[in-house]
Amino acid sequence: MGQIASRDRRRSSLPAVLVPNQKGTAAEEQAIPQPHYEWNETVKMVTVSFYSTYKELEPGDVVVDAQKADQLTVTIYLRSMMYRVSGDLYAAISELSVNFVDKRCDICLTKQETMHWPVLHKDDVTSVTFSRRKNSAMKYYECTVKDVKQVTHDTKLFVVEFPPLTYVSIPVGHHIYIRKTIEGCEVNRPYTPVINLQGEVGYESGRSILLMIKIYPSGALTQHLVDVEVGSKIELSNQDGKFQVDCLDRIVTLCLVGAGSGFTPMAKLIRTFLEKIESVEDVGSTTFRRVKLLCANKTEGDRMWKEELAALQVASNGRYNVLLLSS
C-alpha cells in the first residue's frame, strides 16, 4: 500500500535558549536553536524525523528508548543543551532503527500491527522539553553481557548489549556509569567505552558497547565483576561528558599519555583521529597530521592490547606512533 499522508506538524513554542560556552562568560554566550520533528507513516512503519539547524547530527547525539513498545522517548544532545520528546505511542512497535542524514535523524519504528495511526502519540499528548543537560537525571538500563574476554591477568573486555528497542551510542571522550547494589548500598563507577582498534568485532553502534575494565581485588565495584559471565545482567547509564570531538579537526599532532587503565579513553580517540585524517584529501598538503601515544604500565604483562597497538602502528603509514614503558 502507498504512504499515508499523515504528518505531525506540532513544534514546541519554546524559544532558542542562550547558553554560556565552556568559560561561562556572558559575553561569549551563544544561541542553540531548538530542534524540531515531524512524522509520516505507512501501514507497517512510522518514521519520526528530527531536524537540527545547529549542527550535523551524529550517533552520539541521539538516545532512543522504546523499551515498553508503546512508549517512545527521544533525547537529542546539543553540547550543553538537551531536547527531549516523549509520550505514549498510538500503538505498540516491534523494532526500531536509527539513520543519520546531515542535520536530520530518522527514527524508523516497525508497527506490531498493520494499521493506520491517526496520531503519533496516544490522545495526541506529547511532552517536549529543551533544557540544560546538567539538570537532567542519569538514566540507567538493564543490559546483557554478550561476551567476556581476558585481556591481561587482571583486565577483562566486556561486550554489553543495551535492551531491545533502545538506541544508545556513546560519543568519543564520554563515559557511562556501571551501577550495582552491594550489601544494600548503591555503588556506581564511571568507565569509558573502547573500540576495537582492528575492527568492530562483536560491537554494533547504538546497540552494544565494549568496556575494558581492570579488576581490583579491593575495588568497591570491580571485585564484584570477576564472576560476571555471558548472559549476566548489568546496569549501565546513558552517556556523560563534555568532550567535543570536533576539536580534533584543528589538531596537527595529537599527543596522548596514559598509564594503566588510563589507556581506555585513548582507544576511541586514536581510531577517530586516524579516521578523520583518512577522510581528508591530503593531496598537495604540506601538513603531516599524526597521533603519538605514550603508554606506561608496571610490567609488560599489564599492557592492554599490546599486539593491536603494534599492528595499528604498522598499518598507519607513519601517522601513528606508540611508546610503551614499564616502571
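Residues numbered from 1 in each chain as written. Predicted model: local features only at pLDDT ≥ 70, side-chain atom pairs only at ≥ 80, totals over all residues. Heavy atoms only, no water.

A.B. asks: It is not clear to me how the overall build of the protein should be interpreted in this structure. Could you clarify?
C.D. replies: Check the secondary structure of the protein and you find 2 helices and 20 strands. The proportion of buried residues among the 327 residues of the protein is 45%. Once local pairs closer than 6 in sequence are excluded, the contacts in the protein between residues at least 24 apart make up 69%. As displayed, the protein offers around 16,700 Å² of accessible surface, 50% of which is attributable to carbon and sulfur atoms. (Helix = DSSP H or I, 4+ residues; strand = E, 2+ residues; numbered from the N terminus. Buried < 20%, exposed > 50% of the residue type's maximum accessible area, 1.4 Å probe, protein only. Contact = heavy atoms within 4.5 Å. Areas by Shrake-Rupley, 256 points an atom, 1.4 Å probe, with all protein chains shown as cover.)

A.B. asks: What's the story with the environment of Gly 231 in this structure? I'm lost.
C.D. replies: One can find Gly 231 in the loop between β16 (208-214) and β17 (233-237). Here the alpha-carbon distance between Gly 231 and Cys 143, two residues 88 residues apart in the chain, equals 9.4 Å. Setting aside residues no more than four positions away along its own chain, Gly 231 makes contact with Thr 144 and Val 145.

A.B. asks: Before we go on, may I ask you to explain the pattern of salt bridges in this structure?
C.D. replies: Close approach of charged atoms lets side chains of opposite charge pair. Taken as a whole and judged by the stated rule, the model has 14 salt bridges. In this structure, the salt-bridge partner of Asp 246 is Arg 79, at a minimum N-O distance of 2.7 Å. In this pair, Asp 246 sits in the loop between β17 and β18 (253-259) while Arg 79 sits in the loop between β6 (71-78) and β7 (81-88), placing the two residues 167 residues apart along the sequence. Through salt bridges with shared partners, a single network forms among Lys 55, Glu 58 and Asp 61. (Salt bridge = Lys/Arg side-chain N within 4 Å of Asp/Glu carboxyl O.)

A.B. asks: Whenever I open this one, the sheet that holds strand β4 (residues 45-51) confuses me. Can you help?
C.D. replies: Whether parallel or antiparallel, the strands of a sheet pair through hydrogen bonds between backbone atoms. Reading across from one edge, β3-β4-β9-β8 is the order of the 4 strands in this open sheet, with antiparallel pairing throughout. Two strands lie at the open edges of the sheet, namely β3 (36-41) and β8 (93-101), each paired on one side alone. Neighbour to neighbour, the strand axes of the sheet diverge by 20 degrees on average, direction disregarded. As paired strands, β4 and strand β9 (residues 104-111) are joined by 7 bridges and run antiparallel to one another. In the sheet register, Met 45 faces β9, and the bridge partner there is Thr 110. (Pairing = 2+ DSSP bridges. Axes fitted to C-alpha atoms, helices over the stretch in contact; angles between N-to-C directions.)

A.B. asks: Would you mind showing me how to read a nonpolar patch on the surface here?
C.D. replies: Taken together, the side chains of Val 257, Leu 294, Leu 323 and Leu 325 make up a nonpolar region of the molecular surface, amounting to roughly 340 Å² of accessible area. Note on placement: Val 257 falls in strand β18. (Patch = residues over 30% accessible without salt bridge, like charges linked within 9 Å, V, L, I, M, F, W, Y side chains within 5 Å.)

A.B. asks: Which parts of the structure should I look at to understand the confidence of the model for the protein?
C.D. replies: If pLDDT is low for a region, its predicted coordinates should not be looked at in detail. Looking at the protein as a whole, the pLDDT averages 85, with 86% of positions reaching at least 70. Low pLDDT (under 50) marks residues 1-29, which in the prediction has 56 contacts with non-local residues, meaning those over four places away or in another chain. (pLDDT = per-residue confidence, 0-100.)

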